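Next come the chains, spelled out residue by residue.
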Amino acid sequence: CILSNKSDVGLNTWHSWVSASCIEVAAKYEIPQLLTFGASQDVIDKVKEDHDYYKYWAGKTWPQPAHLVTGYVEAIDQAIQNGTFSPASKTLGIYGVDEDWGRTFAKAGKEGFEANGWTCAVEEYFALGTTDYYAVLNKMKDAGCTLICGTMSDVNAATAFIKQADEVGLDALVICDGLGWLSEWYELTGASSDYVIDMIPQYATESGQAFVKEYTEKFGYEPGPSTAGLAYDTAGFFLKVLQTTYDEYGELTSETIMKCWEEKVRTGELIYTMAEDDAIMMPAWDYSDPDMYPDPIVDGDHYCFPVVQYFDGKAVPVYPDSMAAQELKVPEK
């Protein structure tokens, strides 16, 4: 595709296993791939260890889980401190799809919760497309897990896991990271998804709500915060990079676009914000922190996701307090 179409630059990709393959293609042909979605630690390691070769994988849209998972740990800890969650023990179950993203997230979740006093009793990974989880869910139930934390990559797997957790009577709060990315997840889970915890971008601003309204009127359904919202932000940033490249260097080529990214974006001279640009999801897209790169700066003033809890198919922010619509809740016994 790169050769036949004579591509100069690319925008976005999806899923870590796709990124793990495509980063090699971008590097080999020296084609900048801007603002990619794959969160894989493998991608981060390659960019950090051999930047000159892998620099064409320019800026990740989805930060590594270690930067984001803190929100889950803090949300659960706050609920315990507030008395809204009183687990019989701090016993943790970890699960995930058996690929780069699933294991990267699960490792970060396990380490984050263990550092906060939780003990992992069960850790299981599943092949992509698995839909039978009764054995592992009963194993978590027998181990006394009061919290389970993980992620799936396809809607059938994620919804089967959630429904079956309800069916076996697992008395635990469920973190299913990324559930809200998946289409028709509520139609497939129904009430079983009530109280499930996720961390996902929200349309929290007036400009974001205006985007939702216009999108829904045009296409007949509401836009997903990730598939549409983050894509909208990154497309706007992409266009700003291209315009800056043309203004500064007089032409748009792989070489000039890469030069702009290295000289303008990575130095913090060029960022994309709600205040000055057309961003609707994040306060600021800023790639100037060398310790975080190729991830953006993650904090409340830059890139941040609220922790949400699902009720009747709707995401309700519960953490941090600045974004929360209510406190985290647990099912009544």
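See above for the structure.
Residues numbered from 1 in each chain as written. Predicted model: local features only at pLDDT ≥ 70, side-chain atom pairs only at ≥ 80, totals over all residues. Heavy atoms only, no water.

1. Considering the overall build of the chain
Turning to step 1, where the next piece is worked out: Along the chain, the regular secondary structure elements total 13 helices and 12 strands.
Turning to step 2, where the next piece is worked out: For the chain, the C-alpha radius of gyration of 20 Å lies close to 20 Å, the compact-globule estimate for 333 residues.
Turning to step 3, where the next piece is worked out: Taken as a whole, the chain presents about 14800 Å² of accessible surface, with 48% of it coming from carbon and sulfur.
Turning to step 4, where the next piece is worked out: Charged side chains of the chain number 22 positive and 53 negative; the gap between the two group centres comes to 3 Å. (Helix = DSSP H or I, 4+ residues; strand = E, 2+ residues; numbered from the N terminus. Rg over C-alpha atoms; globule rule 2.2 N^0.38 Å. Areas by Shrake-Rupley, 256 points an atom, 1.4 Å probe, with all protein chains shown as cover. Lys, Arg positive; Asp, Glu negative; His and termini not counted. Charge placed at Lys NZ, Arg CZ, Asp CG, Glu CD.)

2. Overview of the layout of surface pockets
Turning to step 1, where the next piece is worked out: The computed volume of the largest pocket comes to approximately 1100 Å³.
Turning to step 2, where the next piece is worked out: Elements with a contribution of two residues or more to the lining of the largest pocket: α10 (185–189), α11 (206–219), α12 (225–249) and β12 (314–319).
Turning to step 3, where the next piece is worked out: A per-element tally of the lining of the largest pocket places α12 first, with 4 residues.
Turning to step 4, where the next piece is worked out: For the lining of the largest pocket, the per-class residue count stands at 25 nonpolar, 10 polar and 4 charged.
Turning to step 5, where the next piece is worked out: Estimated volume of the second largest pocket: approximately 590 Å³.
Turning to step 6, where the next piece is worked out: Surrounding the second largest pocket, 24 residues form its lining, Leu170, Asp171, Ala172, Leu173 and Pro331 being those nearest its centre.
Turning to step 7, where the next piece is worked out: When residues of the lining of the second largest pocket are traced back to their parent elements, those giving at least two are α9 (155–167) and β7 (173–177).
Turning to step 8, where the next piece is worked out: The element best represented in the lining of the second largest pocket is α9, accounting for 3 residues.
Turning to step 9, where the next piece is worked out: A breakdown of the residues in the lining of the second largest pocket according to their chemical character gives 14 nonpolar, 5 polar and 5 charged. (1 Å grid on protein atoms, 1.4 Å probe; cavity = no way out; pocket = protein on both sides within 12 Å on 5 of 7 lines; lining within 4 Å. Points joined across faces, edges and corners; volume = space filled by probe spheres on them. Nonpolar A, V, L, I, M, F, W, Y, C, P; charged D, E, K, R; others polar.)

3. Overview of the packing of α12 against helix α13 (residues 254–265)
Turning to step 1, where the next piece is worked out: Put simply, α12 and α13 touch, their axes get as near as 9 Å, and they point 100° apart. In terms of orientation, α12 and α13 fall into the roughly perpendicular class. Contacts from Phe237, Val241, Leu242, Thr244, Thr245, Glu248 and Tyr249 in α12 reach Thr256, Ile257, Lys259, Cys260, Trp261, Glu263, Lys264 and Val265 in α13.
Turning to step 2, where the next piece is worked out: Here the residues of the contact of α12 with α13 sort into 8 nonpolar, 3 polar and 4 charged. (Axes fitted to C-alpha atoms, helices over the stretch in contact; angles between N-to-C directions. Parallel < 35°, antiparallel > 145°, perpendicular 65-115°, else oblique. Contact = heavy atoms within 4.5 Å.)

4. Things to note about empty space enclosed by the protein
Turning to step 1, where the next piece is worked out: One pass over the structure, following the stated rule, counts 3 cavities of 30 Å³ or more.
Turning to step 2, where the next piece is worked out: Space inside the largest cavity adds up to approximately 120 Å³.
Turning to step 3, where the next piece is worked out: Trp14, His15, Ser16, Phe37, Gly38, Ala39, Trp62, Trp101 and Trp181 together form the lining of the largest cavity.
Turning to step 4, where the next piece is worked out: In this structure, the second largest cavity encloses a volume near 60 Å³.
Turning to step 5, where the next piece is worked out: Around the second largest cavity sit Trp62, Pro63, Gln64, Pro65, Leu68, Val69, Tyr72, Trp101, Phe105, Asp177, Met199 and Phe305, which together line it.
Turning to step 6, where the next piece is worked out: Contributions of two or more residues to the lining of the second largest cavity are made by α5 (65–68) and α7 (100–114).
Turning to step 7, where the next piece is worked out: Partitioning the lining of the second largest cavity into residue classes produces 10 nonpolar, 1 polar and 1 charged.

5. Considering the environment of Trp57
Turning to step 1, where the next piece is worked out: Examined against the element boundaries, Trp57 turns out to sit in strand β3 (residues 57–60).
Turning to step 2, where the next piece is worked out: For the pair Trp57 and Lys6, spaced 51 residues apart in the sequence, the C-alpha separation amounts to 18 Å.
Turning to step 3, where the next piece is worked out: Sequence-distant contacts of Trp57, that is, excluding residues within four places in its chain, are made with Thr13, Ser19, Cys22, Ile23, Ala26, Gln33, Thr36, Val43, Val47 and Tyr293.

6. Focus on the pairing of β12
Turning to step 1, where the next piece is worked out: Bridge analysis of strand β11 (residues 307–311) against β12 gives 5 bridges, and the strand direction is antiparallel. Looking at the pairing, Gln309 lines up with Val316 of β12.
Turning to step 2, where the next piece is worked out: Between β11 and β12, which pair antiparallel one after the other, the connecting turn spans 2 residues, and Asp312 there sits at a positive phi close to 55°. (Pairing = 2+ DSSP bridges.)

7. Examining the nonpolar core
Turning to step 1, where the next piece is worked out: In this structure, Phe113 and Trp261 are the most contacted members of the largest nonpolar core, which totals 71 residues.
Turning to step 2, where the next piece is worked out: Counting residues per element, this core draws most heavily on α12, at 6 residues.
Turning to step 3, where the next piece is worked out: Residues contacting Trp261, with those up to four places away along its chain left out, are Leu34, Leu35, Ala58, Gly59, Val241, Arg266, Tyr287 and Tyr293.
Turning to step 4, where the next piece is worked out: Core analysis: the next-biggest nonpolar cluster, separate from the first, contains 30 residues, Val122, Cys145, Ala165 and Ile200 among them. (Core = buried A, V, L, I, M, F, W, Y, C linked by side-chain atoms within 4.5 Å. Buried < 20%, exposed > 50% of the residue type's maximum accessible area, 1.4 Å probe, protein only.)

8. Brief notes about unusual backbone geometry
Turning to step 1, where the next piece is worked out: With an omega of 15°, the peptide bond between Tyr293 and Pro294 qualifies as cis.
Turning to step 2, where the next piece is worked out: With respect to the helices and strands, the residue Pro294 is situated in the loop between β10 (284–285) and β11.
Turning to step 3, where the next piece is worked out: The phi torsion at Tyr195 lies on the positive side, around 80°, for a residue other than glycine.
Turning to step 4, where the next piece is worked out: Here Tyr195 lies in the loop between α10 and β8 (197–199).
Turning to step 5, where the next piece is worked out: Classification of Tyr195 as partly exposed rests on a relative accessible area of 25%.

9. Considerations on helix α8 (residues 134–143)
Turning to step 1, where the next piece is worked out: All buried positions along α8 are accounted for by Val136, Leu137 and Met140. For α8, the angular spread of the buried residues around the axis is 100°, confining them to a single face. In α8, the exposed positions angled more than 90 degrees off the buried face are occupied by Ala135 and Asp142.
Turning to step 2, where the next piece is worked out: Residues of α8 that are buried in the fold lie against β4 (91–97), β5 (119–126), β6 (147–151) and α9. (Arc of directions from axis to C-beta.)

10. Brief notes about the packing of aromatic side chains
Turning to step 1, where the next piece is worked out: Tallied over the entire structure, the rule returns 26 aromatic pairs.
Turning to step 2, where the next piece is worked out: Judged by centre distance (6.4 Å) and plane angle (80°), the ring pair of Tyr287 and Tyr293 falls under edge-to-face. Across the pair, Tyr293 and Tyr287 agree in class, each one buried.
Turning to step 3, where the next piece is worked out: It is Arg103 that lies over the ring of Tyr125; its NZ or CZ is 3.9 Å from the centre.
Turning to step 4, where the next piece is worked out: The ring of Phe311 has Lys329 lying over it, and the distance from NZ or CZ to the ring centre is 5.9 Å. (Phe/Tyr/Trp six-rings, centres within 6.5 Å; stacked < 30°, edge-to-face > 60°. Lys NZ or Arg CZ within 6 Å of the ring centre and 35° of its normal.)

So, to be careful, I would describe these as geometric facts and stop short of saying anything about function.
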